[in-house]
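# Structural overview
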Amino acid sequence: MEYERPVARVKHVGEVAKTYYLRRAVAQGFDDAAFVDRAGRFSEATIWNLAFWDGDSVVWPEAEMLLGTTMGIVRRQLERLGVPQRTAPVTPGAVAGLAGAVVMNSWTPAVPVHRIGTTELPPAPDFAELLHRAYSAEPPVSP
């Protein structure tokens, strides 16, 4: 769905559009809504960051979005583990050529995405496991 969160890089409340688009997506048989900016690039989902797998590298969407805490942990630990990562425009037309996708937020570092719109994505259990492993590698901190 074409939508850009206002002040995307700042976490804030009172954003009714996320709930509106989530409900529209569910009414159409989807689990959630993934947002596409006015340039036609995926940015994020309602309460999730998106991550894609091209078979060799983690692909982070190039678009304005909230850079989530879990996303930051995963990126940092993937770098430490030597896993290739890149940021690139991911368009709806490019999704079919990818080897997997996940959503992540403070609840989990990876929930596999099996379909975006009408495009089926291949199962990528190794990708999801890699992101879980990276997240788990983050050293605990004391409050």
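Heads up: the structure comes first, above all this text.
Note that the coordinates shown come from a computational prediction; the quantities given were computed from them, not determined experimentally.

### Here's the deal with the overall build of the protein
Scanning the protein from N- to C-terminus turns up three helices and nine strands. On C-alpha atoms alone, the protein measures out to a radius of gyration of 15 Å, which is about the 15 Å that the 2.2 N^0.38 rule sets for 143 residues. By principal-axis analysis of the C-alpha atoms, the protein measures approximately 40 × 40 × 25 Å. Long-range pairs, those at least 24 residues apart, make up 58% of the contacts in the protein with a sequence separation of at least 6. Once the 14 positive and 16 negative side-chain charges of the protein are each reduced to a mean point, those two points are 5 Å apart.

### Looking at the packing of helix α2 (residues 69-81) against helix α3 (residues 125-136)
The relative placement of two packed helices is expressed as an angle between their axes plus a distance between the axes. As a packed pair, α2 and α3 sit with axes 8 Å apart at the nearest point and diverge in direction by 95°. Relative to α3, the element α2 is oriented roughly perpendicular. Two secondary-structure elements touch here, α2 through T70, I73, V74, Q77, L78 and L81 and α3 through L130, L131, A134 and Y135.

### What to know about α3
In this model α3 runs 16 Å from its N-terminal to its C-terminal C-alpha over 12 residues, within 8% of the 16 Å that 1.5 Å per residue would give. Of all the positions in α3, only F127, A128, L130, L131 and A134 are classed as buried. When α3 is viewed along its axis, its buried side chains cluster within an angular range of 155° and face the same direction. Among the exposed residues of α3, those pointing more than 90 degrees away from its buried face are P125, D126 and S136.

### Examining the environment of L67
The topology assignment puts L67 in the loop between β4 (58-61) and α2. Assessed through its relative accessible area of 47%, L67 is described here as partly exposed. In the structure, L67 is positioned 27 residues away from A94 in sequence and 22 Å away in space, judged by C-alpha atoms.

### Thoughts on the pattern of salt bridges
According to the stated counting rule, one finds five salt bridges in the structure shown. When the shortest N-O distance is used, the salt bridge between E138 and R76 registers 2.7 Å. Of this pair, E138 sits in the segment after α3 while R76 sits in helix α2, and the two are 62 residues apart along the sequence. Residue class for R76 comes out partly exposed when judged on its relative accessible area of 43%. Here the salt bridges share partners, and the residues they tie into one network are D37, R41 and E62.

What counts and how
- Residues numbered from 1 in each chain as written.
- Predicted model: local features only at pLDDT ≥ 70, side-chain atom pairs only at ≥ 80, totals over all residues.
- Heavy atoms only, no water.
- Helix = DSSP H or I, 4+ residues; strand = E, 2+ residues; numbered from the N terminus.
- Rg over C-alpha atoms; globule rule 2.2 N^0.38 Å.
- Contact = heavy atoms within 4.5 Å.
- Lys, Arg positive; Asp, Glu negative; His and termini not counted.
- Charge placed at Lys NZ, Arg CZ, Asp CG, Glu CD.
- Axes fitted to C-alpha atoms, helices over the stretch in contact; angles between N-to-C directions.
- Parallel < 35°, antiparallel > 145°, perpendicular 65-115°, else oblique.
- Expected span 1.5 Å × (residues − 1).
- Buried < 20%, exposed > 50% of the residue type's maximum accessible area, 1.4 Å probe, protein only.
- Arc of directions from axis to C-beta.
- Salt bridge = Lys/Arg side-chain N within 4 Å of Asp/Glu carboxyl O.

These figures capture arrangement, not role.
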